[in-house]
Amino acid sequence: MSQQSSQGVSRRGFLKGSGAAVAASTVVSSTEAEAAAPGLQVVSGETSITMKVNGKSMTAKVEPRTTLLDVLRYQFDLTGAKPVSLDGSSGASTVLVGGKAVMASTTLALAVARKEVTTCESLGGDVVPAAFVEHDAQQCGFCTPGFVVAVRAFLNRHPDATEEQIRAGLNGNICRCGTYANILQAVISLVKGN
Ligand code: FES
């Protein structure tokens, strides 16, 4: 079969062209990098940034396109946040940046330079994972770290949340095993203090 279509576009040429388009859409300019981390000069290639992760100052080498999730997992060996959905739709990569829940998979590492990051690894002694265990709120557990961080962030802002508010507050996290009912009970028990 000829690689050249009737329109004169080969399959290989199409793939090369579409790949270039995807790459072009994900390029981060130095201007954007500067806006994300004021004062940090990034033109191209790698640069070193520091961030405080779980109370410890850590340094990473990043390119403008490097995500926070890449840094956490592959440079800091903090693998709790999961690369389930790189567009952030699963919520499995949820971490806190400056106390606010964000998806590490869609957050550029440069935007976190000099900021405080909290991952699920620091919540081992927190009441949230204990409540998940108590209420059997996980099966495969793949979504659990993201849920635990999201619940912690939610309860920090809404310690007296209603069931309706809990449902709405956690709707950015998905559990493929479908443990929502038990997660809900875990969070309700935390709000009630039992
Ligand atoms: S426990 Fe398996 S995805 Fe939630």
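Residues numbered from 1 in each chain as written. Predicted model: local features only at pLDDT ≥ 70, side-chain atom pairs only at ≥ 80, totals over all residues. Heavy atoms only, no water.

Let us now look at helix α5 (residues 144-157). The end-to-end C-alpha distance of α5, which contains 14 residues, comes to 20 Å, matching closely the 20 Å that a straight helix rising 1.5 Å per residue would cover. Of all 14 residues in α5, twelve are buried, a share of seventy percent or more. Among all positions of α5, only Thr-144, Pro-145, Gly-146, Phe-147, Val-148, Val-149, Ala-150, Val-151, Arg-152, Ala-153, Phe-154 and Leu-155 are buried. (Helix = DSSP H or I, 4+ residues; strand = E, 2+ residues; numbered from the N terminus. Expected span 1.5 Å × (residues − 1). Buried < 20%, exposed > 50% of the residue type's maximum accessible area, 1.4 Å probe, protein only.)

Now for the environment of Gly-91. With respect to the secondary-structure elements, Gly-91 resides in the loop between α3 (68-74) and β3 (94-97). The class for Gly-91 is buried, based on a relative accessible area of 1%. Taking the C-alpha atoms as reference points, Gly-91 and Leu-170, 79 residues apart in sequence, are found 9.2 Å from one another. In contact with Gly-91, not counting residues within four places along its chain, are Ser-85, Met-103, Gly-146, Gly-172 and Asn-173. (Contact = heavy atoms within 4.5 Å.)

Moving on: unusual backbone geometry. A positive phi angle, near 70°, is found at Arg-114, a position not held by glycine. Structurally, Arg-114 can be placed in the loop between β4 (100-103) and β5 (116-118). One non-glycine residue, Asp-136, lies in the positive phi region at around 50°. Summarising the element assignment, Asp-136 is placed in the loop between α4 (127-134) and α5.

Turning our attention to the sheet that holds strand β1 (residues 47-53). The five strands are arranged β2-β1-β5-β3-β4 in an open sheet whose pairing can be described as mixed. The sheet is open, and its two borders are formed by β2 (56-62) and β4, each paired with just one other strand. For this sheet, the mean inter-axis angle between neighbouring strands, taken without regard to orientation, is 40°. Pairing between β3 and β5: two bridges, direction antiparallel. (Pairing = 2+ DSSP bridges. Axes fitted to C-alpha atoms, helices over the stretch in contact; angles between N-to-C directions.)

Right, let's talk about the nonpolar core for a bit. If you look at the biggest cluster of nonpolar residues, it comprises 25 residues, and the most contacted ones within it are Phe-132, Phe-147, Val-151, Ile-166, Leu-170, Ile-183 and Val-187. At the level of secondary structure, the elements contributing two or more residues to this core comprise α4, α5 and α7 (180-192). Apart from residues lying up to four places away in sequence, Val-187 is in contact with Val-151, Leu-155, Ile-166 and Leu-170. Residues Ile-49, Val-95, Ala-109 and Ala-113 belong to the second largest nonpolar core, which totals 22 residues. (Core = buried A, V, L, I, M, F, W, Y, C linked by side-chain atoms within 4.5 Å.)

Attention shifts here to the pairing of β2. Note that β1 and β2 share seven bridges and pair antiparallel. By the bridge assignment for β2, Val-53 is matched with Lys-56. Remark: two residues form the turn of the hairpin made by β1 and β2, two consecutive strands paired antiparallel; Asn-54 in that turn has positive phi of roughly 50°.

Under the defined criterion, the tally for this structure stands at three salt bridges. In this structure, Arg-152 engages Asp-126 in a salt bridge whose closest nitrogen and oxygen atoms are separated by 3.0 Å. Here the residue Arg-152 occupies a position in helix α5, and Asp-126 occupies one in the loop between β5 and α4, the gap between them amounting to 26 residues. Assessed through its relative accessible area of 15%, Arg-152 is described here as buried. (Salt bridge = Lys/Arg side-chain N within 4 Å of Asp/Glu carboxyl O.)

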